[in-house]
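# Structure at a glance
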Amino acid sequence: MVTVKVKFHRLSPQDELGTIYYSVTQAGERKRVLTDIRLYAWQWDARHECVALHGKGSDSMLLEVQERIDGDVTYLGNLLKERERSAFRHSLDDTLRAFRESARQKTFLDYFRSQIIQLQVKEKFGTARNYHRTLNSFRHFLGGEDLLLSECTDALISSYDDWLSTRHVVRNTKSFYMRILRSVYNKAVKQGLTKQKFPFEEVYTGVDQTRKRAMDESYLLRLSRLALPSCSLLGLSRDVFLFSYYTRGMSFVDIAYLKKEDLRNGMIHYVRRKTGQSLFVRIEPCMWEIIRRYEESCRNTPYVFPFVKSQEPFRAFRQYQGALTRYNRSLKQLGEMIGLDRPLSSYMARHTWATAARDHHIPLAVISAGMGHASEKTTRIYLASLENSVIDQANKLLLEAFDA
């Protein structure tokens, strides 16, 4: 008699995080087969030995996890029965060793999904979302087929690059997809699942300089003087944009998740979600004015601003996503109201602070530290382009001097 059961084991008695394993029984002998699948306890239905789909997580990803489990159980069951009927005597250990060896021959898409699951478990939902978008694009290119990790070659990646071009995907977006694919591939190499073949050497993985995102300080003044209804979405969006500028370009995600406990001794203490770097900002009067404006609406939450209410990670992330969409939509409207010649976006406060600091002759090293950049090279990317009008004016002065 052969049985394969799917079990969930908590990593520790107090931990909500656990691992999936297969309990295999053959002729009275029982063994465990550990997997690399990590889930939260609330994502697992122990009674039915399957993932729990009740709206708390990403159902599409959990369905893919279940497909992986179903495939493993079917393959393992068939392997056990086949060897049981064989004329040769196979021990249970021999059979499970063969299963583990075959499991090492992971397909690219299956391994990709496992990386997304790991990101979700680590509560890196934004990165997981970007990985999932790349997975969908690459899966579309493959026409629904899959391939072994060892079949990821430079010819295949070059074909994918050409395929993206035929769909008019811009160069920076193509590079974005390629960097994520390369990261997944390199992790598989590091884990010994395939040999390094450097399949991404012939495609572009850099970042092109995009249109300048900074705006003149005069527009900030116009924005601050707009007469907007109190407690309105436009008013909140204007306040948060200015708060971002006042706090040396604090990103929207860090503002949305900013907690009251992060305000201590006249300072903001926060960790950048993008880099994990700790930053400290002295709270100036203009910042206090904005913070106090939302004390009442946030009275029953631990957060400073009324964007995120839940402390359950995935639900909080969904609230943040919705808030970001509404924020950027409102910023576009605010940009039109102040006569800005391009759409106002959440990134612009950060770029504007860096540019204004440069224009006020603040040293690059100070700007870099203030923005939480790991190196001055990143800061230089922010400041790489001067406004064309500045360059044109400089050229005009030179020509006038020549004519004189």
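In short, a report on the structure.

Conventions and cut-offs
- Residues numbered from 1 in each chain as written.
- Predicted model: local features only at pLDDT ≥ 70, side-chain atom pairs only at ≥ 80, totals over all residues.
- Heavy atoms only, no water.
- Core = buried A, V, L, I, M, F, W, Y, C linked by side-chain atoms within 4.5 Å.
- Buried < 20%, exposed > 50% of the residue type's maximum accessible area, 1.4 Å probe, protein only.
- Helix = DSSP H or I, 4+ residues; strand = E, 2+ residues; numbered from the N terminus.
- Pairing = 2+ DSSP bridges.
- Axes fitted to C-alpha atoms, helices over the stretch in contact; angles between N-to-C directions.
- Polar contact = N/O pair within 3.5 Å; in protein donor to acceptor, adjacent residues only side chain to side chain.
- Phe/Tyr/Trp six-rings, centres within 6.5 Å; stacked < 30°, edge-to-face > 60°.
- Salt bridge = Lys/Arg side-chain N within 4 Å of Asp/Glu carboxyl O.

### So, the nonpolar core
Formed by 55 residues in total, the largest nonpolar core has its most connected members in Phe-241, Phe-243, Phe-305 and Phe-307. The element best represented in this core is helix H11 (residues 313-337), accounting for 8 residues. The next biggest cluster of nonpolar side chains, apart from the first, holds 30 residues, and it includes Ile-116, Cys-152, Tyr-160 and Trp-163.

### Some remarks on the sheet that holds strand E1 (residues 2-10)
Sheet architecture is open: 3 strands sit in the order E1-E2-E3, paired in antiparallel fashion. The two strands at the open ends of the sheet, each matched to only one other strand, are E1 and strand E3 (29-40). Sheet twist, expressed as the average angle between the axes of neighbouring strands with direction ignored, equals 20°. As paired elements, strand E2 (residues 17-26) and E3 share 9 bridges and run antiparallel to each other. Looking across to E3, one finds that Val-24 is bridged to Lys-31.

### Digging into the side chain of Ser-114
Mapped onto the fold, Ser-114 is located in helix H3 (residues 108-121). A distance of 2.6 Å separates a polar side-chain atom of Ser-114 from the backbone oxygen of Tyr-111.

### Some remarks on the pairing of E1
In this sheet, E2 lies alongside E1 in antiparallel orientation, the contact comprising 9 bridges. When the sheet's bridge partners are listed, Thr-3 is paired in E2 with Thr-25. Hairpin connection of E1 to E2: 6 residues between the antiparallel strands.

### Thoughts on the packing of aromatic side chains
Each aromatic ring pair is characterised by the separation of its centres together with the angle its planes make. Applying the stated criterion to the full structure yields 21 aromatic pairs. Each ring, one from Phe-112 and one from Tyr-131, has its centre 6.0 Å from the other, and the planes form 85°; the classification is edge-to-face. One end of the pair, Phe-112, is in helix H3; the other, Tyr-131, is in helix H4 (residues 125-141), with 19 residues separating them in the sequence. Taking the relative accessible area as the measure of exposure, Phe-112 reaches 0% and is therefore buried. Seen in terms of ring centroids, Phe-243 and Phe-305 are 5.1 Å apart; in terms of plane orientation they differ by 65°. Their pairing is edge-to-face. In this pair, Phe-243 is assigned in helix H8 (residues 233-246) and Phe-305 in the loop between helix H10 (285-293) and H11, connecting sequence segments 62 residues apart. Residue Phe-243 is classed as buried on the basis of its relative accessible area of 0%. Of the aromatic side chains, those joined through ring pairs into one cluster are Phe-125, Phe-252, Tyr-257, Phe-307, Phe-314, Phe-317, Tyr-320 and Tyr-327.

### Some details on the sheet that holds strand E6 (residues 263-264)
The antiparallel open sheet is built from 3 strands, whose spatial order is E6-E7-E8. Of all strands in the sheet, those with a lone pairing partner are E6 and strand E8 (278-282), marking the two edges.

### Brief notes about the pattern of salt bridges
Summed over the entire model, instances satisfying the criterion amount to 13 salt bridges. One salt bridge in this structure joins Asp-93 and Lys-31, with 3.5 Å as the shortest N-O distance. In this pair, Asp-93 is assigned in helix H2 (residues 92-103) and Lys-31 in strand E3, connecting sequence segments 62 residues apart. Overall, the relative accessible area of 27% leaves Lys-31 in the partly exposed class. What you see here is one network of salt bridges that share partners, running through Arg-238, Asp-239, Glu-289 and Arg-293.

### Some words on unusual backbone geometry
Even without being glycine, Arg-248 reaches a positive phi, approximately 65°. Examined against the element boundaries, Arg-248 turns out to sit in the loop between H8 and helix H9 (252-256). Positive phi, normally seen in glycine, also occurs at Asn-265, with a value near 55°. Position of Asn-265 relative to the elements: it lies in the loop between E6 and strand E7 (267-271). Judged by relative accessible area, Asn-265 falls into the exposed class, the value being 81%.

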